[in-house]
Protein chains: 2
Amino acid sequence: MATLEEVAKLAGVSRSTVSRVINGHPNVSADTKARVLAAIEKLGYRPHPIARSLATKRTELLAVLIPESLNKLFSDQFFAILLQGAVQACNLHGYQLVLALFDDPRRQEELYANLLQNGYVEGAVVASAPPDDPVIQALRADGIPAVAVGRQLGVPYVDVDNYGGARLATEHLLQLGYRRIATITGPLNHLHVQDRLAGYRDALEARGIPYDEALVGEGGFTEVGAMAALSKLLPLRPEAIFVQSDTMAAGVLRTLRSQGLRVPEDIAIVGFDDSPLASLLDPPLTTVRQPIRLLGFMAVELLLDLLNGQADQAQRNVLFPVELVVRSSCGVTRREFRESYSNKEGR
Amino acid sequence: MATLEEVAKLAGVSRSTVSRVINGHPNVSADTKARVLAAIEKLGYRPHPIARSLATKRTELLAVLIPESLNKLFSDQFFAILLQGAVQACNLHGYQLVLALFDDPRRQEELYANLLQNGYVEGAVVASAPPDDPVIQALRADGIPAVAVGRQLGVPYVDVDNYGGARLATEHLLQLGYRRIATITGPLNHLHVQDRLAGYRDALEARGIPYDEALVGEGGFTEVGAMAALSKLLPLRPEAIFVQSDTMAAGVLRTLRSQGLRVPEDIAIVGFDDSPLASLLDPPLTTVRQPIRLLGFMAVELLLDLLNGQADQAQRNVLFPVELVVRSSCGVTRREFRESYSNKEGR
DNA sequence: CCCGGTTGTGGGAGCGCTCCCAAGACGGGG
DNA sequence: CCCCGTCTTGGGAGCGCTCCCACAACCGGG
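Rules and cut-offs
Residues numbered from 1 in each chain as written. Chains lettered and ligands numbered in written order. Predicted model: local features only at pLDDT ≥ 70, side-chain atom pairs only at ≥ 80, totals over all residues. Helix = DSSP H or I, 4+ residues; strand = E, 2+ residues; numbered from the N terminus. Rg over C-alpha atoms; globule rule 2.2 N^0.38 Å. Contact = placed C-beta atoms within 7 Å. Nonpolar A, V, L, I, M, F, W, Y, C, P; charged D, E, K, R; others polar. Pairing = 2+ DSSP bridges. Core = buried A, V, L, I, M, F, W, Y, C linked by C-beta atoms within 7 Å. Buried ≥ 20, exposed ≤ 12 C-beta atoms within 10 Å, placed from the backbone. Near = placed C-beta within 6 Å. Least-squares fit on C-alpha atoms with pLDDT ≥ 70 in both. Axes fitted to C-alpha atoms, helices over the stretch in contact; angles between N-to-C directions. Left-handed = near helix turned anticlockwise from the far one by under 90°. Arc of directions from axis to C-beta. Expected span 1.5 Å × (residues − 1). Right-handed = clockwise from strand over helix to strand, strands pointing away.

**Q** An account of the overall build of chain A is needed here, citing residue identities and associated values.
**A** A count of helices and strands for chain A gives 13 helices and twelve strands. A globule of 347 residues ought to have a C-alpha radius of gyration of about 20 Å, yet chain A, at 26 Å, is considerably larger. When contacts within chain A are restricted to residue pairs at least 6 apart in sequence, those whose partners lie at least 24 apart make up 70%.

**Q** Explain the interface of chain A and chain B to me, using residue names and the numbers behind them.
**A** Between chain A and chain B, the residue contacts involve 42 residues of the former and 42 residues of the latter. Every element with two or more residues in the side of chain A that touches chain B is listed here: α4 (49-56), α5 (77-92), β2 (96-101), α6 (108-117) and α11 (246-258) of chain A. For the side of chain A that touches chain B, the element with the most residues is α5(A), which contributes nine residues. Among the residues making up the side of chain A that touches chain B, the classes are represented as 23 nonpolar, twelve polar and seven charged. Bridging between β2(A) and strand β2 (residues 96-101) of chain B involves three bridges; their strand directions are antiparallel. Paired with Leu97(A) across the two strands is Leu99(B), which belongs to β2(B).

**Q** Quick one: what's the story with the nonpolar core, residue by residue and with numbers?
**A** Among the nonpolar cores identified, the biggest contains 196 residues, and Ala86(A), Val125(A), Val126(A), Ala86(B), Val125(B) and Val126(B) are the most heavily contacted of them. With near-sequence residues (within four places) excluded, Ala86(B) lies in contact with Val64(B), Leu97(B), Val125(B), Gly296(B), Phe297(B), Ala299(B) and Val300(B).

**Q** Report on the environment of Pro284(B), specifying residues and quantitative values.
**A** Residues and elements named next belong to chain B. In this fold, Pro284 is placed in the loop between β9 (268-273) and β10 (286-289). Residue Pro284 is classed as partly exposed on the basis of its C-beta count, with 19 C-beta atoms lying within 10 Å. When the C-alpha atoms of Pro284 and Val326 are compared, they prove to be 9.1 Å apart, with 42 residues separating the residues in sequence.

**Q** Tell me about the protein's contact with DNA strand D, residues and numbers included.
**A** Near DNA strand D, the surroundings consist of 25 residues, among which Leu4(A), Ser19(A), Ala51(A), Ala55(A) and Ser16(B) are the closest. Looking at the surface near DNA strand D, the elements with two or more residues in it are α2 (15-22) and α4 of chain A together with α2 (15-22) and α4 (49-56) of chain B. In terms of residues, the surface near DNA strand D owes the most to one element, α4(A), which gives five residues. Looking at the surface near DNA strand D, its residues break down into ten nonpolar, twelve polar and three charged.

**Q** Just give me the short version of the protein's contact with DNA strand C, but keep the residues and values in it.
**A** Around DNA strand C, the structure places 25 residues, and the nearest of them are Val13(A), Leu4(B), Ser19(B), Ala51(B) and Ala55(B). When contributions to the surface near DNA strand C are tallied by element, the ones reaching two or more residues are α2 and α4 of chain A together with α2 and α4 of chain B. When residues of the surface near DNA strand C are assigned to their parent elements, the largest contribution, five residues, is made by α4(B). Residues of the surface near DNA strand C, tallied by class, amount to ten nonpolar, twelve polar and three charged.

**Q** How would you explain the relation of the copies chain A and chain B if you had to name every residue and give the values?
**A** Of the transformation placing chain A onto chain B, the axial shift is 0.0 Å and the rotation is 180 degrees, giving an RMSD of 0.0 Å. Such a turn and shift between the copies fits a two-fold axis. Across chain A, the rotation axis passes nearest the C-alpha of Val98(A), at a separation of 2.1 Å.

**Q** Before we move on, could you go through the environment of Gln117(A) and cite the residues and values that matter?
**A** Residue and element names in this part refer to chain A. With respect to the helices, strands and loops of the structure, Gln117 is situated in helix α6. Taking the C-beta count within 10 Å as the criterion, Gln117 has 15 such neighbours and is therefore assigned partly exposed. With eleven residues separating them in the primary sequence, Gln117 and Arg106 have C-alpha atoms 17 Å apart.

**Q** I'd like a rundown of the sheet that holds strand β8 (residues 240-243) of chain B, residues and numbers included.
**A** Residue and element names in this part refer to chain B. Reading across from one edge, β7-β6-β8-β9-β10-β12 is the order of the six strands in this open sheet, with mixed pairing throughout. Lying at the two open borders of the sheet, with one neighbouring strand each, are β7 (216-218) and β12 (323-325). Taking the axes of each pair of neighbouring strands and ignoring which way they run, one obtains an average angle of 20 degrees across the sheet. When strand β6 (residues 181-185) meets β8, the two strands line up parallel, connected through four bridges. Its bridge partner lying in β8, Ile184 is registered against Val243. Sheet contacts for helix α11 (residues 246-258): β6, β8, β9 and β10; angle to β9, the most-contacted strand, approximately 155 degrees.

**Q** Got a sec to walk through the packing of helix α8 (residues 162-175) of chain A against helix α9 (residues 191-206) of chain A? Specific residues and values, please.
**A** Residue and element names in this part refer to chain A. Put simply, α8 and α9 touch, their axes get as near as 7 Å, and they point 35 degrees apart. For the pair α8 and α9, the crossing hand works out as right-handed. Of the residues in α9, those in contact with Asn162, Tyr163, Gly164, Gly165, Ala166, Arg167, Thr170, Glu171 and Leu174 of α8 are His192, Asp195, Arg196, Ala198, Gly199, Tyr200, Asp202, Ala203 and Leu204.

**Q** A description of α4(B) should follow, citing residues and the corresponding values.
**A** If you check which residues of α4(B) are buried, you get Pro49(B), Ile50(B) and Ser53(B). Taken around the axis of α4(B), the buried residues stretch over an arc of 100 degrees, which confines them to a single face. Next to the buried residues of α4(B) lie α4 of chain A.

**Q** Please set out the sheet that holds strand β3 (residues 123-127) of chain A residue by residue, giving values where relevant.
**A** Read from one edge of the open sheet, twelve strands run β11(A)-β5(A)-β4(A)-β3(A)-β1(A)-β2(A)-β2(B)-β1(B)-β3(B)-β4(B)-β5(B)-β11(B), paired in mixed fashion. Each having just a single partner strand, β11 (318-320) of chain A together with β11 (318-320) of chain B make up the two edges of the open sheet. If you compare each strand with its neighbour and ignore which way they point, the axes differ by 20 degrees on average. Across two bridges, strand β4 (residues 146-149) of chain B lies against strand β5 (residues 157-160) of chain B in parallel orientation. Directly across from Val149(B), in β5(B), lies its bridge partner Val158(B). Strand contacts of α5(A): β1 (61-66), β2, β3 and β4 (146-149) of chain A together with β2 of chain B, with the helix running at about 80 degrees to β2(B), the strand carrying the most contacts.

**Q** Which residues make up helix α12 (residues 292-307) of chain A, and what values do they have?
**A** Think of an α-helix as turning once every 3.6 residues; residues three or four places apart then point the same way. All names here are of chain A. Over its 16 residues, α12 extends 23 Å from the first C-alpha to the last, a length consistent with the 22 Å expected when each residue adds 1.5 Å. Looking at the packing, one finds that the buried side of α12 touches β1, α5, β3, β4, β5 (157-160) and β11. A positive phi of about 70 degrees marks Gly309, the residue just after α12.

**Q** Please give an account of the environment of Glu6(A) that cites residues and values.
**A** All names here are of chain A. With respect to the helices and strands, the residue Glu6 is situated in helix α1 (residues 4-11). Given 15 C-beta atoms within a 10 Å radius, Glu6 is considered partly exposed. Sequence separation of Glu6 and Ile40 is 34 residues, and the distance between their C-alpha atoms is 9.3 Å.

**Q** Report on the pairing of β9(B), specifying residues and quantitative values.
**A** Residue and element names in this part refer to chain B. Burial within β9 is extensive, with six of its six residues counted as buried. With three bridges joining them, β8 and β9 adopt parallel strand pairing. In the sheet register, Phe242 faces β9, and the bridge partner there is Val270. Taken together, β8, α11 and β9 constitute a β-α-β crossover, and its handedness is right-handed. Judged from the four bridges that link them, β9 and β10 form a sheet pairing that is parallel. Each bridged residue has a counterpart across the sheet, and for Gly271 the counterpart in β10 is Thr287.

**Q** Requested: an account of unusual backbone geometry, with residues and values cited.
**A** All names here are of chain A. Put simply, Asp282 and Pro283 share a cis peptide bond, and its omega is -5 degrees. Unusually for a residue other than glycine, Glu60 sits at a positive phi of about 55 degrees. Relative to the helices and strands, Glu60 is located in the loop between α4 and β1. With 17 C-beta atoms packed within 10 Å, Glu60 lands in the partly exposed category. Its identity as a non-glycine residue notwithstanding, Arg237 has a phi of 55 degrees, on the positive side.

Have a look at this one:
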């Protein structure tokens, strides 16, 4: 690899001048610039990012942290899509993304220190963590620029309207005539999970249906967790279940099928996420769509704003709307749903 | 952040000595070492990785490259799991993993240059690419240490026994009495896809069933691709289909269901991958299991060996065995399958 | 015609580390 | 007792870049 020095010599100028043209400084005469550019081209020169980092203190490296609690969920398509959005945003700004999995509790501190406490990455995106997660706490304590995905305390975040989405899902069920509606939640220490539960609750109560804690099961966002929660719920004979992630809904559908229960004839199901999985399930899942890729994208954008000191407190957080995607797991096809909807409008 | 210099001053030794104890050089007296260690502890010193990199030329950074052709597949769980394995291996060796998506053809060269041509990362893992992929070609041309996932030309690779797996799947179908067996493949420019097709073909011919090209559809590893391929295959009335990825199998099942065809009664399906999806489908998918996480893990291990000059040509590539996971998409439950199998053994 | 203000350029120091080399301390064999 | 090898330590150069400062050339206004 050629160095600045060599380019300078070839162009007959000083190192400084070459540096100026590379970094687009204004005060370089047109023909010097041309000479330098020619030399760069000829030598195939590329600035050495490490050397540059050492001098500037900027590494142009961001991290995505997957907290330990989420590690087993990593194969969930949610994270892959989130990651894709995050990488896209990084690339757009010349940043690179390093992926950190906090999977081994013993090495957690070491990994954290190596990555975040010595300025190796400029900032971090934390994929969905509860407020008491050690990584979140450490980030907050160390004042390291970070953006969370999912509502968070003390750390700016990007999220969707979980409350609204849950209300939407529950109201859809209510509208279709279901009254005895259970729900299977994610881990309740996550704030966005609490938000979804609140939306479910308020939707019921708005219709005068009392909130019944017995109808709430915690499924931990995993397929098996959901199946366990379901087995407690089923004896209570719910007419419908609002399952707060598509992955969990997949587990629910499987159990239901194995028990000979038909969806939606015997029991209706709504999911949350609209992951690619949703349309593949049998029956195709009615679910709440959240813009996952956009979430990842905006998390990085927000982080970059933060690093540039652009984000004032006023607009630290970003919230996206959600929409209900009606398929067939609740007993109406999309078309029927539309018709009943326009009928109501027409009245 | 404290620097080497400050630690040295506090411990009353020179920078060199501190550097020695940090890097575990042998020739440091016990009590000097203790003093230095104490100073490090007191100041909370951590070596600055960038400065170290500049001096050593080693960045301890590896990249995982997702070629453009695979970008739309990224949400496939295959990649998430692969990535997880890769990150785990990296962490074990103190390396970090940067994720590079070649999604924008216009920025492809720039991304490649920034990441790989200036020594920013020490090496790369390329997720499944055809031999003529520009990224593979560039890597080969530049002589950059790289390991491919999936058989590759001119680049060491990790892979599974695709041929054997395909034979296994096809023979399973044959054994159950199916004779008119179609297949839906991935993109045929990938070598491992060709291997699977060869396995399918040879399994048929070993039973005296001629290979019929009309029964082969290219599905491109996507759900919609598989559905398109299926629509051409269906008029030929196959009794069974070997679908060469679980994601594609999901699409096939969906189409079949929408056309009122039952699986396995009307048509049997085998998949490939054993992704988490497989057991969630209806019916649960019989499929060929490959150790995806291990593939990612070993890709990084192999790359690291390469970087350390450990891998001689003899053992450049790594191959893993696969196994058939029998569920219910082929018309026998696992138990029945076992029984019929042991009956045969008993004869 | 002189002088303050721009504009273009070069040189040096420094980012925090590694690693080579030299030098001092020490010890044992001849 | 001397010499040479080994162990321990310090100092300097250098990795490839940025950025501050200095300086020269040049401009136009008074």
